[in-house]
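# Fold and contact review
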Amino acid sequence: KWGDREWKRVLDLRGQWKFEIGDDMNWAKPDYNDKDWESIFVPNEWENEGFPGYDGFAWYRRTFTAEDLIDRDNLYLRLGYIDDCDEVYINGHLVGHRGWFPPDYETAYQYDRIYYIHEEYLNPNGINTLAVRVYDAQIGGGIVRGDIGFYTKRSFLVPQIDLSGYWKFKR
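## Re the nonpolar core
One recurring pattern in soluble globular proteins: nonpolar side chains tend to sit buried together. Counting residues in each nonpolar core, the largest one holds 29 residues, and the members touching the most others are W17, Y60, L130, V132 and F150. When residues of this core are traced back to their parent elements, those giving at least two are β1 (7–12), β2 (15–21), β3 (38–42), β4 (56–65), β5 (75–83), β6 (85–90), β9 (127–136) and β10 (142–153). The greatest single-element share of this core, amounting to four residues, is contributed by β5. Residues in contact with W17, not counting those within four places in the same chain, are E38, S39, I40, V42, Y60, R61, R62, L79, L130, V132, I143 and I148. Formed by six residues, the second largest nonpolar core is a distinct cluster that contains W27, A28, Y89 and A131.

Structure representation (structure tokens):
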């Protein structure tokens, strides 16, 4: 069960994030300089934040310190609902994805994004960078709604083998 009573928010990420339209994998790197990027409020459709009618790729970035995160071996990132598909990076490490980017596009707008965070991806004594790559095919796009933040799960099992990621499948 993924009910809200099982979750405890340890860091609220709602608010202003850095934002840039386009697609460049260098934007996942923690040392990338995003000082000239726009600021938009998350969660909300990017169309409501000054980018009306935009469909395509865009990136979000936000920094945080690990000192704010308790119980780092039981840590999840919740990003709510993203329209349409996403890849999420912490300090340049891919931590999760939903949907498929073009040319094999497949939406995942109906899924609440919840990603387990491996403690070794965090910089415990300094700044950490969260980067979210998003593709929107039509209508509203972006990190649109939901519970945005880092959470711990009240009853949990720490994954010993992480099976998330891209899998091969054949019918």
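## Observations regarding the environment of D86
Along the polypeptide, D86 turns up in strand β6. Residue classification places D86 among the buried positions, given a relative accessible area of 0%. On a C-alpha basis, the gap between D86 and Y115 in space is 12 Å, while along the polypeptide they are 29 residues apart. Engagement of the side chain of D86 in a polar contact is seen with the side chain of R113, the distance being 2.5 Å. Within polar-contact distance, the side chain of D86 engages the side chain of Y115 at 2.7 Å.

## Focus on the pattern of salt bridges
Using the criterion set out here, one finds 10 salt bridges in the structure. For R14, the salt bridge goes to D12, with nearest N and O atoms at 2.5 Å. On the accessibility criterion, R14 (41% relative accessible area) is partly exposed. Where R61 meets D34, a salt bridge forms, and the shortest distance between an N and an O atom there is 2.8 Å. Placement of the pair is R61 in strand β4 and D34 in the loop between β2 and β3, with a sequence separation of 27 residues. Across this residue pair, the class does not change: R61 and D34 are buried. A cluster of three or more residues bridged by salt bridges with shared partners is formed by R9, D12 and R14.

What counts, and where the lines are drawn
Residues numbered from 1 in each chain as written. Predicted model: local features only at pLDDT ≥ 70, side-chain atom pairs only at ≥ 80, totals over all residues. Heavy atoms only, no water. Core = buried A, V, L, I, M, F, W, Y, C linked by side-chain atoms within 4.5 Å. Buried < 20%, exposed > 50% of the residue type's maximum accessible area, 1.4 Å probe, protein only. Helix = DSSP H or I, 4+ residues; strand = E, 2+ residues; numbered from the N terminus. Contact = heavy atoms within 4.5 Å. Polar contact = N/O pair within 3.5 Å; in protein donor to acceptor, adjacent residues only side chain to side chain. Salt bridge = Lys/Arg side-chain N within 4 Å of Asp/Glu carboxyl O.

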